[in-house]
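# Structural description and commentary
Single-letter residue listing:
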Amino acid sequence: MPEPTAIPKPTAAELEMLRLLWQLGPASAKQVHQAAVASRPDMAYATVLRLLQLMHTKGLLTRDESARAHVYAPAQPQDSLQTSLIKELIHKAFSGSGKELVLAALRGHVSARERAEIQAILDQEQK
């Protein structure tokens, strides 16, 4: 059972908005819409606005209402939310094993360059 103060798990669409806001920083719905249209030209302003409002209600975003155009910002830093989502994934899909998650990720999901970067990090940790 989740904690009463726990931030809810974002949907795929909400994660898309969070990624945009992590890149932009605090932004109005118009600014978020402009950023969203760069990758999804079919994204309507009303859809972005409604999604931001729902995310604020769910506690995923904060909203500064001091100006005419409300400014939205993620309620949690990117690394904090990602860590929380990864912990949940490890628990649900990998029986709590971080090693199994890493092995699954390495099987076909990592380029040779990324694999070399990972190896360099592991080598650095051993020193």
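An account of the accompanying structure is given in this report. None of the values given here were measured: they were computed from a predicted structure.

## A look at the packing of helix H1 (residues 12-24) against helix H2 (residues 29-39)
Two elements in contact, H1 and H2, have axes separated by 10 Å at closest approach and are oriented at 110°. Looking at the two axes, H1 sits roughly perpendicular to H2. Within the contact between the two elements, H1 uses Met17, Leu20, Leu21 and Leu24 and H2 uses Gln31, Val32, Ala35 and Ala36. Counted by class, the contact of H1 with H2 contains seven nonpolar, one polar and no charged residues.

## Considerations on the pairing of strand S2 (residues 61-64)
Side chains on a regular strand alternate between the two faces of the sheet. Where S2 and strand S3 (residues 71-74) come together, four bridges link them in antiparallel fashion. Within S3, the residue paired with Leu61 across the bridge is Pro74. The turn linking S2 back onto S3 is made up of six residues.

## Concerning the nonpolar core
Generally speaking, soluble globular proteins have nonpolar side chains that are buried together. Counting residues in hydrophobic clusters, the biggest one holds 18 residues, and the most contacted among them are Met17, Leu21, Val32, Val48, Leu52, Met55 and Leu61. Breaking this core down by element, the ones donating at least two residues are H1, H2 and helix H3 (45-58). Contact partners of Val48, with chain neighbours within four places excluded, come to Met17, Ala29, Val32, His33, Ala36 and Met43.

## Regarding the packing of H2 against H3
It is at 9 Å that the axes of H2 and H3 come closest, and there the two elements cross at 120°. Between H2 and H3, the crossing angle belongs to the class labelled oblique. Note on packing geometry: the crossing formed by H2 with H3 is right-handed. Every residue of H3 that contacts H2 at Ala29, Lys30, Val32, His33 and Ala36 is listed here: Tyr45, Val48, Leu49 and Leu52.

What counts and what doesn't
- Residues numbered from 1 in each chain as written.
- Predicted model: local features only at pLDDT ≥ 70, side-chain atom pairs only at ≥ 80, totals over all residues.
- Heavy atoms only, no water.
- Axes fitted to C-alpha atoms, helices over the stretch in contact; angles between N-to-C directions.
- Helix = DSSP H or I, 4+ residues; strand = E, 2+ residues; numbered from the N terminus.
- Parallel < 35°, antiparallel > 145°, perpendicular 65-115°, else oblique.
- Contact = heavy atoms within 4.5 Å.
- Nonpolar A, V, L, I, M, F, W, Y, C, P; charged D, E, K, R; others polar.
- Pairing = 2+ DSSP bridges.
- Core = buried A, V, L, I, M, F, W, Y, C linked by side-chain atoms within 4.5 Å.
- Buried < 20%, exposed > 50% of the residue type's maximum accessible area, 1.4 Å probe, protein only.
- Left-handed = near helix turned anticlockwise from the far one by under 90°.

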